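Observations on the model geometry
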Amino acid sequence: MLQIELTTQLRRMRSLLVFGGLAALIIIAGVSEAPKAGGKGGPATFSALNFTESGLNFVDPVLLGLVIALLGSIIGGSDREWGTLRYLYVRPVSRARLLAGKWWALVVCCALTMVIYMGFALATGAVFFGWHPYHRSGAAALSATHALVGVLEAGGYVMVCLLSLGSIALALGLLLPRSAEALGVALAFLVGSAIGDNISALHDVVVVLPVHYWQRYSNLFQSGSGGLALGLGVQAATMVVVLGAAYVILARRDPAA
């Protein structure tokens, strides 16, 4: 299932355009900020490491979330839309195997998304802003080695966060009639969570939502890794609940009907 999903999804023009667009966005950002190198355009222009971390603040959660919600909803709903879901059950392919294969394909897509972002951001930043220590306002700069470790840890943390949203989109894709509907619901959840996170009156609600914890990676460049364990726990709990619910629903009905 995993090999089939990856071969099918990653070769599609839609997926190639999404990944290409992400890479192009990073390069365009670097080119536009290049004349401001040396800190003239803010913290992002001090070094490649600053550029990469600042870029995460810009693309996370909405832009990266859009990429993963799109991929997750397509992976979840593709078999139904192509009319191949019935044949998977006839082979037979169990619900558990179907869900597991699609989820692992989503894991690969999340990892690939972050590799593309991190690779292009670091390379673009190194070309336009140089490989220098990580600049911190009001504090001593972090060495390039220390900051690189922090950037890679931040990338891993963001990948897990994206995987939680992707799991929601994947489950919706499996359960709703069309991938477009799953994408719409997943994006509404993402945008609604991001907006609600800035409304203090909704704090008791958004604190249980995974998006609330997405940008805690910034602690890696200030006070350490505080809050990341809780964030990872919430992402993991979200995936378990969502995928568990999807499996129970699939086990009780024929989604190909």
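The present account deals with the structure reproduced in this document.

At their nearest, the axes of helix H6 (residues 95–129) and helix H7 (residues 144–175) sit 9 Å apart, and the two run at 145 degrees to each other. H6 and H7 meet at a crossing whose hand is right-handed. Only Leu148, Val151, Leu152, Gly155, Val158, Met159, Leu162, Leu163, Gly166, Ser167, Leu170 and Leu174 of H7 make contact with H6, whose side of the interface consists of Leu98, Leu99, Lys102, Trp103, Leu106, Val107, Cys110, Ala111, Met114, Met118 and Leu122.

Attention now moves to the side chain of arginine 136. Assignment of secondary structure puts arginine 136 in strand E1 (residues 134–136). Buried charge arginine 136 goes without a salt bridge, the closest partner of opposite sign being glutamate 53 at 10 Å. A distance of 2.8 Å separates the side chain of arginine 136 from the backbone oxygen of alanine 140, its partner in a polar contact. For arginine 136, the contacting residues outside a window of four places in its chain are Leu142, Phe221 and Gln222.

The subject of this paragraph is the state of the cysteines. A complete count under the given rule lists zero disulfides for this structure. Cysteine 109 carries a free sulfur, and the closest cysteine sulfur to it, the one in cysteine 110, is 7.2 Å from it.

It is worth spelling out the packing of H7 against helix H8 (residues 179–196) at this point. Their axes nearest at 8 Å, the elements H7 and H8 cross at an angle of 150 degrees. Viewed along their axes, H7 and H8 adopt a mutual orientation that is roughly antiparallel. Crossing angle aside, the handedness with which H7 passes H8 is right-handed. Residue-level contacts link Leu165, Ile168, Ala169, Leu172 and Gly173 of H7 to Ala182, Val185, Ala186, Phe189 and Leu190 of H8.

Once that is clear, we can look at the packing of aromatic side chains. As enumerated under the stated definition, the model contains four aromatic pairs in all. Their ring planes at 75 degrees and their centres at 5.0 Å tell us that tryptophan 103 and tryptophan 104 sit as a pair that is edge-to-face. Note on tryptophan 104: relative accessible area 48%, which makes it partly exposed. Through pairs of rings, three or more aromatic residues link up here, namely Phe51, Phe128 and Phe129.

Calculation criteria
- Each chain has its residues counted from 1, following the order in which its sequence is written.
- Reporting of local features is limited, given that this is a predicted model, to residues whose pLDDT is at least 70; pairs of side-chain atoms are given and counted only at 80 or more, and all residues count toward the totals for whole chains, interfaces and linings.
- Based on all heavy atoms of the structure, the side-chain values leave hydrogens and waters out of the count.
- Structural elements are reduced to axes, namely lines fitted to C-alpha atoms, with helices fitted over the stretch in contact, and the angle between N-to-C directions of any two is expressed from 0 to 180 degrees.
- Starting at the N terminus, helices and strands are each numbered in turn, a helix being any DSSP run of H or I of at least four residues and a strand any DSSP run of E of at least two.
- Note: crossing handedness is left-handed where the near helix turns anticlockwise from the far helix by less than a right angle, and right-handed where it turns clockwise.
- Contacts were defined at the residue level, with two residues in contact if any of their heavy atoms lie within 4.5 Å.
- Whether a residue is buried, partly exposed or exposed follows from its accessible area with a 1.4 Å probe, protein chains only, as a fraction of its type maximum: under 20%, in between, or over 50%, in that order.
- Charge assignment in this entry is limited to Lys and Arg as positive and Asp and Glu as negative, and neither His nor the chain termini are counted.
- Each reported salt bridge corresponds to a side-chain nitrogen of Lys or Arg within 4 Å of a carboxyl oxygen of Asp or Glu.
- Between N or O atoms, a polar contact is any pair within 3.5 Å; within protein, one atom must be a potential hydrogen donor and the other a potential acceptor, and residues adjacent in sequence are included only when both atoms are from side chains.
- The disulfide criterion is simple: two cysteine sulfur atoms within 2.5 Å.
- Orientation categories follow fixed angle ranges, with anything under 35 degrees roughly parallel, anything over 145 roughly antiparallel, 65 to 115 roughly perpendicular, and all other angles oblique.
- A pair of aromatic rings is counted whenever rings of Phe, Tyr or Trp (Trp by its six-membered ring) have centres within 6.5 Å, and the orientation is called stacked for planes under 30 degrees apart, edge-to-face for over 60 and tilted otherwise.

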